[in-house]
Amino acid sequence: MKLGIVGLPNVGKSTLFNSLTKAGAESANYPFCTIDPNVGVVAVPDFRLKLLTDMYKSRKTTPAVIEFVDIAGLVKGASKGEGLGNQFLANIREVDAILHVVRCFEDANVIHVDGSVDPLRDIETINLELIFSDLEILERRIAKTVRAAMNDKSLAKELEILRAIQAHLENGELAKSMTFDDEDELAFVQSLNLLTWKPVIFAANVAEDELADDAANNPHVNNVREFAAKNDSEVFVVCAQIEEELSELDDEEKQMFLEDLGLTESGLDKLIKASYSLLGLISYLTAGEQETRAWTIKKGTKAPQAAGKIHSDFERGFIRAEVVNYQDLLDAGTYAAAKEKGLVGLEGKEYVVKDGDVILFRFNV
């Protein structure tokens, strides 16, 4: 999973990136300190992995990972060359979702590029830049399709879809607010890789003292929640400064620090839940003496395609999947005991993999 982090300058975006990945992107109180996109990979915390590793005495444990791409701060007019121009846009065309950090804290010592804190205005600013960038892409694609359609009448439908999206964006709407019932149409729209088609997670960056009650009384956060609800987006509350402090601690110290703050989970935990929910993802597990590993797949994925995440040969030569729920396996004590109790199912090509399934794939190529 790959997330692109965007946000106006001085909203806490690079601070959050640093804390999530410990990659050390420069963070300072002035715009554009992150000029090239910084990339960091972070492991997805999953308590099930340690339990299975201990059970199997696995030599290696491999968690699922999220890749973060930190993009230079944007300003109004970026798509027209203001600030760093629109060079950042190419860096987020390949991400699965956009993590949009919005400032919801007041601090006279941290300047805001527009002079005041207003997350809805900030969201609109960035959305407009994404819209303008997509319109440029569409204009070029339409011109190319018009030429090609002179000799290929089958392109008329594509041209119709492109012009419909163009009109929608020109009205200031995001592409993802459009609906396409036809699967071929949907596949075509997805192939365009439009920024305004990508799912969005909002990170509402608040002051430390607002974390314990999830910023319930922060009007800025409530405005972002309302906006997210209307736009099929996820939102979570975070304090980038606290996340930075947490990133310096070991697991035990981290837990104590969270408890002192009256918190049960870190911002990273919240983000991962929001990401998996928004993108419709789950994890299945494989376990053995060699390695215990988590694999991320889409909800609804069938066994052969899940096997293909490990290796294409597994999907091509799929015979069956031996499946046991991780909790059932732990309760049984060993795989052999789980099998004896009838807890291991033999599943075929139509089996839909569930979160927490521990799977052994049988294949032949």
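Above: the structure in question.
Report follows, based on the coordinates. (Residues numbered from 1 in each chain as written. Predicted model: local features only at pLDDT ≥ 70, side-chain atom pairs only at ≥ 80, totals over all residues. Heavy atoms only, no water.)

## Points about the sheet that holds strand 4 (residues 65–70)
Stage number 1. Reading across from one edge, 2-4-1-5-6-7 is the order of the 6 strands in this open sheet, with mixed pairing throughout. Looking at the sheet topology across the chains shown, the edges are occupied by strand 2 (38–43) and strand 7 (234–238). Recorded for the sheet is a direction-independent mean angle of 25 degrees between the axes of neighbouring strands.
Stage number 2. Inspection of the sheet shows strand 1 (residues 2–6) paired to strand 4 by 4 bridges, in the parallel sense. Bridging across to strand 4, I5 finds its partner in D70.
Stage number 3. Relative to the sheet, helix 1 (residues 13–21) contacts strand 1, strand 2, strand 4, strand 5 (97–103), strand 6 (200–205) and strand 7, its axis offset from that of strand 4 by approximately 150 degrees. (Pairing = 2+ DSSP bridges. Helix = DSSP H or I, 4+ residues; strand = E, 2+ residues; numbered from the N terminus. Axes fitted to C-alpha atoms, helices over the stretch in contact; angles between N-to-C directions. Contact = heavy atoms within 4.5 Å.)

## Things to note about the pairing of strand 8 (residues 281–286)
Stage number 1. The buried fraction of strand 8 is high, at 6 of 6 residues.
Stage number 2. Across 6 bridges, the pairing between strand 8 and strand 9 (residues 291–298) is antiparallel. Bridge pairing in strand 9 links T286 to R293.
Stage number 3. Linking strand 8 to strand 9, which pair antiparallel, is a turn of 4 residues. (Buried < 20%, exposed > 50% of the residue type's maximum accessible area, 1.4 Å probe, protein only.)

## Some remarks on helix 10 (residues 267–279)
Stage number 1. With 13 residues, helix 10 ought to run about 18 Å at 1.5 Å a step, and its terminal C-alpha atoms sit 18 Å apart, in line with that.
Stage number 2. Most of helix 10 is tucked away: 10 of the 13 residues are buried.
Stage number 3. For helix 10, the complete set of buried residues consists of G267, L268, K270, L271, I272, A274, S275, Y276, L278 and L279.
Stage number 4. Of the residues one or two after helix 10, G280 is the one with positive phi, at around 65 degrees. (Expected span 1.5 Å × (residues − 1).)

Any link to function would need more than the numbers given here.
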